[in-house]
Amino acid sequence: MNNRKFETKAIRIQLEKTPFKEHSVPLYETSSFVYNSAEEASAVFAEEQGGYIYSRFNNPNCDELIQKLCTLEGTETGIAASSGMAAIFLSIAGVLNAGDHIIASKNLFGTTHMLLNQVLPKWGISHTYADMSDMKSVKNALLPTTRLLYVETPSNPGLEIFDLEKLGKFTGSNDLYFVVDNCFATPYLQLPLKYGADFIVHSTTKFIDGQGRTIGGAVLGSKLLMKDIITLSRITGPVMPASTGWLLSKSLETLAVRMEKHCSNALRLAEFLENNQEILWVKYPFLKSHPQYRLARKQMTLGGALVSFELKGGMKRAMKFINALQLFSISSNLGDSRSIITHPATTTHSKLSAEERKDAGITDAMVRVSVGLENVSDLMEDLERAINKSKDK
Ligand SMILES: *Cc1c(COP(=O)(O)O)cnc(C)c1O
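Worth saying up front: this structure is predicted, and the values here are computed from it rather than measured.

> Looking at this structure, I do not really get the environment of Thr-204. What am I missing?
Topologically, Thr-204 is positioned in the loop between strand S6 (199-203) and strand S7 (217-221). According to the C-beta neighbour criterion, Thr-204 is buried, with 30 such atoms within 10 Å. In the structure, Thr-204 is positioned 164 residues away from Arg-368 in sequence and 19 Å away in space, judged by C-alpha atoms. Setting aside residues no more than four positions away along its own chain, Thr-204 makes contact with Asp-209, Gly-216, Gly-217, Ala-218 and Leu-248.

Here is the structure:
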């Protein structure tokens, strides 16, 4: 299957059929698995023989999901987690010890900031935020105890693009684990392992689900490096339910067609906004005006589904504009077939200090749009009407 193309692998990798010869893979709701003999049980537990043991360790549906994700990202193994945050926590806690230090991008998902600021310090894991677009800032953050570099590209919600190749060379020459949150791009748009990433983390809640139904996550990497992360997950148990693995594996079958449409709709909306007199700025990786446009073209195949922008008239106007929209859902999720509008400063990134928000490029009036799969003309009409309605009379 490895020589097949993306869509074929996403559809055709599947578990062995049961004696019923089902076409679509069934849902395996079972806590444990049985053996033909005591010897067989012993061999499976000793990992001398393949087979499932207990759904806290692994489950056929989650296994199929991980097999697909590994093939699509180009790596060997992984673990399906109960949420994106559980995956991120496992990727860090699985490989670091008390006293270790992280260089983290200052442009991160809000809760990842909270994990670094509030949770990891309890176990003596410290961090320094760096501007990942400036290698001097990254080098300045390096300490003798630094063991890991953590980055998200495109970043949430600022849509900054960071140079995975440069960061990969830096982590390679300094012997650091390199963790990339590939949630916004998905393996359809970007393959961080090509540039030296050691671990990919996903919030499967977003584009991998694609319809906003489940919470889940995944950590992927080589067999050697994933060992301690898998052990931590097996012992502490933040695992994905079989039903979620089942649903997500089927969602992956349509990831390619969905991402094509998300990205073409998003580019159209970004261009439309850029030409509107009421807009102060628009950020979208595949707009020529994006500061890292060339880098985005180099490491991504399409620009993604997220667009950030700011209307003239500050925060008050932004709120009026959001309220005037009819089609866009006011929600904090993203990667849904339904278009979503978010005001990051008062929702997803509200727990950050004003200073941290400024550092992460989040202005008070900025809005983030996750462009869905509706007809793009309807979306443009809705935006235009809300822009005009929110104008001060
Ligand atoms: C949503 C998100 C997460 C966290 O995922 P959950 O599934 O909500 O726990 C992590 N990183 C990014 C970039 C996200 O958008």
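> Can you help me understand helix H10 (residues 242-252) in this one?
Every α-helical turn comprises 3.6 residues, leaving residues that sit three or four positions apart pointing alike. In terms of burial, H10 is largely enclosed, as nine of its 11 residues are buried. Residues Ala-242, Thr-244, Gly-245, Trp-246, Leu-247, Leu-248, Ser-249, Ser-251 and Leu-252 constitute the buried set of H10. Among the structural elements, helix H1 (6-12), helix H3 (60-73), strand S1 (77-81) and helix H11 (255-274) are those in contact with the buried residues of H10.

> Can you help me understand unusual backbone geometry in this one?
Comment: phi is negative for the bulk of residues other than glycine, and the bulk of peptide bonds are trans. For the peptide bond that leads from Thr-153 to Pro-154, omega is -5 degrees, which places it in the cis range. Among the structural elements, Pro-154 can be located in the loop between strand S4 (146-152) and helix H7 (164-173). The linkage connecting Asn-156 with the following residue, Pro-157, adopts the cis geometry, with an omega of 0 degrees. Residue position: Pro-157 is located in the loop between S4 and H7. A positive phi is found at Glu-47, a non-glycine position, where the angle reads about 60 degrees. Along the chain, Glu-47 turns up in the loop between helix H2 (38-45) and H3.

> Where do I start with the site of the ligand in this structure?
Taken together, 16 residues surround the ligand, and among them Ser-83, Gly-84, Phe-109, Ser-203 and Thr-205 come closest. For the shell around the ligand, the secondary-structure elements that each account for two or more residues are helix H4 (84-93) and helix H5 (110-119). Of the residues contributing to the shell around the ligand, the split by class is five nonpolar, eight polar and three charged.

> Looking at this structure, I do not really get the nonpolar core. What am I missing?
Generally speaking, soluble globular proteins have nonpolar side chains that are buried together. The biggest cluster of nonpolar side chains holds 110 residues, and the ones touching the most others in it are Ala-81, Leu-148, Val-219 and Val-307. Per-element accounting of this core gives the leading share, eight residues, to H11. Viewed by domain, this core spans two of them, domain 1 (6-252) and domain 2 (255-389), each represented by three or more residues. Not counting residues up to four positions away in its chain, the partners in contact with Val-219 are Gly-78, Ile-79, Ala-81, Ala-87, Leu-90, Ser-91, Phe-199, Val-201 and Ile-229.

> Would you mind going over the domain arrangement of the protein chain with me for this structure?
One widely used convention gives an interface's size as the accessible area the parts lose upon coming together. What the domain assignment reports for the protein chain is domain 1 (6-252) and domain 2 (255-389). Distance from the C-alpha centre of domain 1 to the C-alpha centre of domain 2: 27 Å. If you look at the interface, domain 1 gives 30 residues, while domain 2 gives 33 residues. Contributing elements (two or more residues each) for the side of domain 1 that touches domain 2: H1, H5, helix H8 (186-189) and H10. Across the side of domain 1 that touches domain 2, the residue classes break down as 15 nonpolar, 10 polar and five charged.

What counts, and at which threshold
Residues numbered from 1 in each chain as written. Predicted model: local features only at pLDDT ≥ 70, side-chain atom pairs only at ≥ 80, totals over all residues. Helix = DSSP H or I, 4+ residues; strand = E, 2+ residues; numbered from the N terminus. Buried ≥ 20, exposed ≤ 12 C-beta atoms within 10 Å, placed from the backbone. Contact = placed C-beta atoms within 7 Å. Near = placed C-beta within 6 Å. Nonpolar A, V, L, I, M, F, W, Y, C, P; charged D, E, K, R; others polar. Core = buried A, V, L, I, M, F, W, Y, C linked by C-beta atoms within 7 Å. Domains from an automatic or database assignment.

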